[in-house]
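Residues per chain, in single letters:
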Amino acid sequence: MTPDAWPWWIVAFGVAVDITIRVIAIIVVPRNRRPTAATAWLLAIYFIPYIGVLLFLLIGNPRLPRARRKKQELINETIAEVTKDLHLGTPRPGTPEWLRSLIGMNQRLGALPLSGDNGAHLISDYQASLDAMADAIRSAQQYVHVEFYILQSDAATDNFFRAMEETAARGVPVRVLLDHWANRWKPRYKQTIRRLDAMGADWHLMLPVQPLKGRTQRPDLRNHRKLLVVDSEVAFLGSQNVTDSTYNLPKNIKRGLHWVDLMVRVDGPVVASVNAVFLSDWYSETDDVPESVDFVATHNGSGDLDCQIVPSGPGFEAENNLRLFLGLLYAAKRKIMIVSPYFVPDEALLLAVSTACDRGLQVELFVSEEGDQAVVYHAQRSYYEALLRAGVRIWMYRKPYILHTKSLTVDDDVAVIGSSNMDMRSFGLNLEISMLVRGEEFVQEVRAVEDRYRELSRELTLEEWLQQPLRSTVLDNLARLTSSLQ
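This structure is a prediction, so every number in the text was calculated from the model and none was measured.

A. Geometry of helix α17 (residues 440-455). Here α17 contains 16 residues, and its C-alpha end-to-end distance of 22 Å stays within 8% of the 22 Å for a straight helix at 1.5 Å per residue. For α17, the complete set of buried residues consists of F442, V443, V446, R447, V449, E450 and Y453. The buried residues of α17 all sit within an arc of 160 degrees when viewed along its axis, so they share a single face. Turned more than 90 degrees off the buried face of α17, the exposed positions are Q444 and E455.

Laid out in structure tokens, this is it:
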């Protein structure tokens, strides 16, 4: 039967449903949502109504379920209560007022305080960081806490896993968290789970999508954190997953892709804050807090750095990481260096970066010449012309390497290292961990890595970019539209 031959009541019903969908969408979609995201969703619903509605119902809520967010609120209240009387080292003198206010904001949003007397050192070699973490695990006397977005047992990570096995065999508790969706479809998932079971590790999946077990939320929400805590003595965090630098994916191996990452080893009172993030995720997934772990135990570190851990993600009401980045960008006086594999800014971040250029600051952005995720890669490229015209120098790390480090340095004494990209997924959909560091000696370490990245990159100029073919521009702009669907 052709549409012309349909009974009038079927046509009328279809028109009524279509109008109803559009009216409801205007009421529901824009509520508490960014104008760009609301506009993108409304366009999807208006042009492809049934598919658009289905997608909105599936991934339209950028927040974790209310019960999960209530857990985070309880965790924040508990942390605030137990840390208010703790001695968390002695902060460096002369903290500028703008930084004090930023630190206060971070604590109000993420609950974790600033601490002094910390040591922090970068490990920029991929295999060296895996081996350094393995050495730390072997030193454990009380517990080992492992939390990584991707965790795979392979040749590169064998030393890491053997360290966990040896430690567990000594009777030291080894607790492991890994993201469900990020690992479930990766190579070596089953082998990794079997190895964790065999060693006796207490392991759990983060943000599992298991409808038959009553565990569901927006399926593309991820726990993107990467951290390791050993006793209350040492912790690691940064951008690197526990996997081979190819991620063991055939498509990466075929293209010769390898990931370039950065981890930071910390000791001192800040270790308790990293552990608090692990324990909050552990409690969120298991409804349990290990009784044997004293998460407020602190020790002076090997350095004199001020450090503050900033957790962020859909369990919080605000975009903690974005506000941290914006505060730093507007406070900068001379120089801003951004390293981000996925730089897809919202309006506020793009304005902050361009304003920094207008204020006469030196602003440089390090990205990869080649992308591993087509949509994000093209969405990022759609901002290059605006950034170049504003005065940002863009360095493209030469293929076939994927520059996966996430860092921000401001002037000569403030840096941020962690798991958070500067894109809308990291701001709104991923659980992330960032560390704010004050101390020129640490910034010098980061600058040395930035200098090495610059040597291994080529600079993108506006003249070169304007020669891009039309098909690339079209792809970039289409990908940019999809990045707003949050």
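Next comes the rest of the write-up.
B. Structural detail: the packing of aromatic side chains. All chains considered together, the criterion is met by nine aromatic pairs. Between Y384 and W465, the ring centres sit 5.2 Å apart and the planes meet at 70 degrees, which makes this aromatic pair edge-to-face. Taken together, the residues Y384 in helix α15 (residues 384-390) and W465 in helix α18 (residues 462-465) connect sequence positions 81 residues apart. Like W465, Y384 is buried. One aromatic cluster in this structure is built from F148, F160 and F161.

C. Highlighting the side chain of K226. Examined against the element boundaries, K226 turns out to sit in strand β6 (residues 226-230). No salt bridge is formed by the buried K226; its nearest oppositely charged neighbour, E432, is found at 5.4 Å. Side chain to side chain, K226 and H224 meet in a polar contact 3.0 Å long. Among all residues touching K226, those that are not within four sequence positions of it are E147, F148, Y149, F236, L237, G238, S239, Q240, N241, H404, S419 and I433.

D. Just the nonpolar core, in detail. Ranked by size, the top nonpolar core spans 48 residues in total, and within it L328, I336, I338, I394 and L408 carry the most contacts. When residues of this core are assigned to their parent elements, the largest contribution, six residues, is made by helix α12 (residues 320-331). Sequence-distant contacts of I336, that is, excluding residues within four places in its chain, are made with L329, A356, L361, Q362, V363, E364, L408 and T409. Formed by 45 residues, the second largest nonpolar core is a distinct cluster that contains A111, V266, I417 and V443.

E. Local environment of the pattern of salt bridges. All told, the structure shown has 21 salt bridges when counted by the stated rule. Residue E369 pairs with R458 through a salt bridge whose shortest N-O separation is 2.7 Å. With E369 in the loop between β13 (362-368) and α14 (374-381) and R458 in strand β20 (residues 457-460), this residue pair connects regions lying 89 residues apart in the sequence. For R458, a relative accessible area of 21% corresponds to the partly exposed category. One salt-bridge network, in which partners are shared between bridges, spans R92, D304, E440 and E441.

F. Representation of the pairing of strand β7 (residues 234-238). Most of β7 is tucked away, with five of its five residues classed as buried. Alternating positions in β7 separate into two faces, V234, F236 and G238 on one and A235 and L237 on the other, with burial throughout. In terms of strand pairing, β6 meets β7 through four bridges, oriented antiparallel. Considered in β7, the bridge of L228 is made with F236. What sits between the antiparallel neighbours β6 and β7 is a turn of three residues, in which D231 has the positive phi angle 50 degrees.

G. Region of interest: the environment of L475. Here L475 shows up in helix α19 (residues 470-482). The spatial distance from the C-alpha of L475 to the C-alpha of L228 is 39 Å, given a sequence separation of 247 residues.

H. Highlighting the environment of E364. Among the structural elements, E364 can be located in strand β13. According to the relative accessible area criterion, E364 is buried, its value standing at 2%. Once the C-alpha coordinates of E364 and V392 are considered, the two residues, 28 residues apart in sequence, prove to be 5.6 Å apart. A distance of 2.6 Å separates the side chain of E364 from the side chain of Q362, its partner in a polar contact.

I. Just empty space enclosed by the protein, in detail. Following the criterion strictly, the structure yields six cavities of 30 Å³ or more and no others. When its volume is computed, the second largest cavity comes out at roughly 70 Å³. Along its surface, the second largest cavity is lined by 14 residues, and F325, K406, S407, L408 and S420 are the ones closest to its centre. Counting only elements with at least two residues in the lining of the second largest cavity, the list comes to β16 (407-410) and β17 (414-418). It is β17 that contributes the most residues to the lining of the second largest cavity, three residues altogether. Of the residues belonging to the lining of the second largest cavity, the class tally is six nonpolar, seven polar and one charged.

Cut-offs and rules
Residues numbered from 1 in each chain as written. Predicted model: local features only at pLDDT ≥ 70, side-chain atom pairs only at ≥ 80, totals over all residues. Heavy atoms only, no water. Helix = DSSP H or I, 4+ residues; strand = E, 2+ residues; numbered from the N terminus. Expected span 1.5 Å × (residues − 1). Buried < 20%, exposed > 50% of the residue type's maximum accessible area, 1.4 Å probe, protein only. Arc of directions from axis to C-beta. Phe/Tyr/Trp six-rings, centres within 6.5 Å; stacked < 30°, edge-to-face > 60°. Lys, Arg positive; Asp, Glu negative; His and termini not counted. Salt bridge = Lys/Arg side-chain N within 4 Å of Asp/Glu carboxyl O. Polar contact = N/O pair within 3.5 Å; in protein donor to acceptor, adjacent residues only side chain to side chain. Contact = heavy atoms within 4.5 Å. Core = buried A, V, L, I, M, F, W, Y, C linked by side-chain atoms within 4.5 Å. Pairing = 2+ DSSP bridges. 1 Å grid on protein atoms, 1.4 Å probe; cavity = no way out; pocket = protein on both sides within 12 Å on 5 of 7 lines; lining within 4 Å. Points joined across faces, edges and corners; volume = space filled by probe spheres on them. Nonpolar A, V, L, I, M, F, W, Y, C, P; charged D, E, K, R; others polar.

None of this, on its own, says anything about what the molecule does.
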